[in-house]
Amino acid sequence: MTVVVREGGLDLPAVIDLLTFHHREAHEGFPSGFAHALDPAALHSPDIRFFSAWSDGALAGIGAVRALGPHEAEIKSMRTAPEHLGRGVGRAILTRLIVAARAGGHGRVHLETGVGPRFLAANALYERFGFVDRDAFGGYPPSPHNRFMTLELTTSP
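Every chain is numbered on its own, with residues counted from 1 as its sequence reads. pLDDT decides what is reported in this predicted model: residues at 70 or higher carry local features, side-chain atom pairs at 80 or more are listed and counted, and totals for whole chains, interfaces and linings draw on all residues regardless. Side-chain calculation: all heavy atoms of the structure are included, whereas hydrogens and water are not.

This part takes up the pattern of salt bridges. The salt bridge criterion pairs a side-chain nitrogen of Lys or Arg with a carboxyl oxygen of Asp or Glu, the two atoms within 4 Å. Counted by the stated rule, this structure contains seven salt bridges. Put simply, Glu-74 and Lys-76 hold a salt bridge, and the shortest N to O gap is 3.9 Å. Summarising the burial analysis for this pair, Glu-74 and Lys-76 share the class buried. A salt bridge links Arg-108 to Glu-152; the shortest N-O distance between them is 2.7 Å. Highlighted residues: Arg-108 in strand 5 (residues 108-114) and Glu-152 in strand 7 (residues 146-152), separated in sequence by 44 residues. Shared partners join several salt bridges into a network, and the residues in it are Glu-72, Arg-108 and Glu-152. Classification of residues uses two cut-offs on accessible area relative to the type maximum, computed with a 1.4 Å probe and protein chains only: under 20% is buried, over 50% is exposed, and between them is partly exposed. In this description a helix means any DSSP run of H or I spanning at least four residues, a strand means any run of E spanning at least two, and both kinds are numbered starting from the N terminus.

Dropping the structure here:
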């Protein structure tokens, strides 16, 4: 399966549908105040670069990178479409987001994710890329429901 990740796509119906699904599922699966998925409108921000992944003309996944400052960035709204799980889409998106963070001059990238069985594959992917656990950052409250990770961008993904 060939996956092409390109910048943009926030206004495409398939992208909006996947973002809406991602946002809804995140908020249904976490206690109040611990879901941090951005809704589609919030991704239209000058500090966020949004990417969409495609395979054979179908939307395969999404992801974004948000500048937290001149030297740090955050991975946001990374999601593989359910029908494309286990096909390397997450790897392709995460690679592109890390490249974008480096190109933006960021030396470190952070992310917030969940814990528990439904996050096992995502967390394993982040660990394979070299992300390590860290304390809560960027205004997120510490929580047993969330996992906070960081990657120094001095090495290749």
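Let's pick the thread back up.
Any Phe, Tyr or Trp ring, taking Trp's six-membered ring, that has another such ring centre within 6.5 Å forms a pair; planes under 30 degrees apart are called stacked, those over 60 apart edge-to-face, and the others tilted. Scanning all chains against the criterion turns up four aromatic pairs. Summarising the aromatic geometry, the rings of Phe-137 and Tyr-140 are spaced 5.1 Å apart at their centres and angled 75° between planes, so their arrangement reads as edge-to-face. Comparing Phe-137 with Tyr-140, the two get one shared label, buried. When the ring of Tyr-140 is compared with that of Phe-148, the centres are 5.8 Å apart and the planes differ by 40°; the resulting orientation is tilted. Take Phe-148: its relative accessible area is 6%, and that puts it in the buried class. Through successive ring pairs, a cluster of aromatic residues spans Phe-137, Tyr-140 and Phe-148.

Here we come to the sheet that holds strand 5. Strand order across the open sheet formed by seven strands is 1-2-3-4-5-7-6, with mixed pairing between neighbours. Two strands in the sheet have a free side with no partner beyond their single neighbour: strand 1 (4-7) and strand 6 (132-133). Pairing between strands is defined by DSSP: at least two bridges between them are needed. Where strand 6 lies against strand 7, two bridges are found, and the strand directions are antiparallel. Directly across from Val-132, in strand 7, lies its bridge partner Thr-150. Contact definition: two residues touch when any of their heavy atoms are within 4.5 Å. Every angle, taken between N-to-C directions, lies between 0 and 180 degrees, and every axis is a line fitted to C-alpha atoms, over only the stretch in contact when it is a helix. Of the strands in this sheet, strand 4 (72-80), strand 5 and strand 7 touch helix 3 (residues 120-128), which is tilted by about 20° from strand 7.

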